[in-house]
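What the coordinates show
Each chain, written out:
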Amino acid sequence: MQAIMVSSRALIGLLAAASSLAVALSDGGATLFSYGAGKPDGPENWAKLSPAYKMCGQGKQQSPIDIVTKQAVPNANLDTLNRTYAAVPATLINDGHDIKLEFGSKVGTLTVNGKVFSLDSLHWHSPSDHTINGQRFPLELHLVHKSADGAVAVIGILYQLGAPDSFYYQLKRQLVEVAEDKCNSAEEESQVEVALIHLRSLQKRTGSYFRYTGSLTVPPCTENVVWSVLGKVRQISKEQLQLLKAPLPGNDYRPTQPTNGRKVQFYNPPGSTISFQM
């Protein structure tokens, strides 16, 4: 099936559940922001752009953070993050800030501390939001899960340059189309329909991970987000990384935030692989 380019004006009803629209409704309209350091709408000024974004400046549990592996506290009783994701239709979106994938039907669930979260969407940041021992990675994927009461749990996957990742072969044509779309992202989103996306590879090799309580890494920077950053770094080719970056004007990461005494826990089940020295 051919990908179809549509504007967000035509599909605004389908996006009503998106968090970006929720912010727009509470703020009387969408507020633009950027990742440009030192810019009036850059990360250090997000809290000044809208009352809805106040947590970006006032919050004490903000994300991302630098995860210092030697300070992580082992906890063998954390969740296994076992998931089964179905193959579903999706929409690839360039909202002017990030590239994201939103799903048209139920994908799968994740259980954290006894609460069930459904996979809502996924998006990318390049370079990575989180750092490990001060090291920033070329790419970070966020799998955003939401519960029935609105709570959020995110799985973060870090990437280094290397062999191609089979998952991104599915999106090659759509990413090219989004990059070629000349719409003004300040006024409308660029969207490409994906007939069917297979997510099986994203549920594999979970193993070890770092767990902490943080926030969304974009406005409105809502807190009480449960973060699980995987301990195994995956590989992506330079070509695949460029496809993800091409639609955007520049880097899309938020600088790391103070931990303010928060502890990072570490889950490392037998037989799992971790890419860092602990």
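Residues numbered from 1 in each chain as written. Predicted model: local features only at pLDDT ≥ 70, side-chain atom pairs only at ≥ 80, totals over all residues. Heavy atoms only, no water.

If you look the protein chain up in an unreviewed UniProt entry, it shows as Alpha-carbonic anhydrase domain-containing protein from Sorghum bicolor.

Describing the state of the cysteines
Here a disulfide denotes a covalent bond joining the sulfur atom of one cysteine to the sulfur atom of another. This model, assessed by the stated rule, comprises one disulfide. Each sulfur in the disulfide pair cysteine 56 and cysteine 221 lies 2.1 Å from the other. Its S-S torsion of approximately 90° makes the covalent link between cysteine 56 and cysteine 221 right-handed. Taken together, the residues span a long stretch of sequence, with cysteine 56 in helix 3 (residues 55–58) and cysteine 221 in the loop between strand 13 (209–215) and strand 14 (223–230) at a distance of 165 residues. For the pair cysteine 56 and cysteine 221, one class covers both residues: buried. (Disulfide = S-S within 2.5 Å. Helix = DSSP H or I, 4+ residues; strand = E, 2+ residues; numbered from the N terminus. Buried < 20%, exposed > 50% of the residue type's maximum accessible area, 1.4 Å probe, protein only.)

Brief notes about the layout of surface pockets
By volume, the second largest pocket amounts to about 280 Å³. Residues of the lining of the second largest pocket, tallied by class, amount to eight nonpolar, six polar and three charged. (1 Å grid on protein atoms, 1.4 Å probe; cavity = no way out; pocket = protein on both sides within 12 Å on 5 of 7 lines; lining within 4 Å. Points joined across faces, edges and corners; volume = space filled by probe spheres on them. Nonpolar A, V, L, I, M, F, W, Y, C, P; charged D, E, K, R; others polar.)

Quick look at the side chain of serine 34
With respect to the element layout, serine 34 can be found in the loop between helix 1 (19–27) and helix 2 (46–49). By relative accessible area, serine 34 is classed as buried at 16%. Here the side chain of serine 34 touches glycine 36 through a polar contact of 3.2 Å, landing on its backbone nitrogen. A distance of 2.8 Å separates a polar atom in the side chain of serine 34 from a polar atom in the side chain of aspartate 41. Discounting chain neighbours no more than four positions away, the residues touching serine 34 are Lys39, Asp41, Gly42, Pro43 and Trp46. (Polar contact = N/O pair within 3.5 Å; in protein donor to acceptor, adjacent residues only side chain to side chain. Contact = heavy atoms within 4.5 Å.)

Remarks on the pairing of strand 6 (residues 109–112)
Alternating residues of strand 6 divide into Leu110 and Val112, all buried, and Thr109 and Thr111, none buried. Here strand 6 pairs with strand 7 (residues 115–125) via four bridges, running antiparallel. What sits directly across from threonine 109, in strand 7, is serine 118. Linkage of strand 6 to strand 7, two consecutive antiparallel strands, is achieved through a turn of two residues, within which asparagine 113 is found at a positive phi near 55°. (Pairing = 2+ DSSP bridges.)

Looking at the pairing of strand 11 (residues 152–161)
Of all the ten residues making up strand 11, eight are buried; the element is thus mostly covered by neighbouring parts of the structure. As paired strands, strand 10 (residues 139–146) and strand 11 are joined by eight bridges and run antiparallel to one another. Along strand 11, the bridge assignment pairs glutamate 140 with leucine 158. Hairpin remark: strand 10 followed by strand 11, antiparallel, with five residues in the connecting loop; positive phi at glycine 150, about 95°. Taken together, the three bridges between strand 11 and strand 15 (residues 234–236) define a ladder with parallel strand orientation. Bridge pairing in strand 15 links glutamine 160 to glutamine 235.

Remarks on the packing of helix 4 (residues 172–180) against helix 5 (residues 238–245)
As a packed pair, helix 4 and helix 5 sit with axes 8 Å apart at the nearest point and diverge in direction by 40°. In this view, helix 4 runs oblique relative to helix 5, as classed from their interaxial angle. For helix 4 against helix 5, the interelement crossing comes out left-handed. Residues Lys172, Leu175 and Val176 of helix 4 lie in contact with helix 5, whose contacting residues are Glu239, Leu243 and Leu244. Here the residues of the contact of helix 4 with helix 5 sort into four nonpolar, no polar and two charged. (Axes fitted to C-alpha atoms, helices over the stretch in contact; angles between N-to-C directions. Parallel < 35°, antiparallel > 145°, perpendicular 65-115°, else oblique. Left-handed = near helix turned anticlockwise from the far one by under 90°.)

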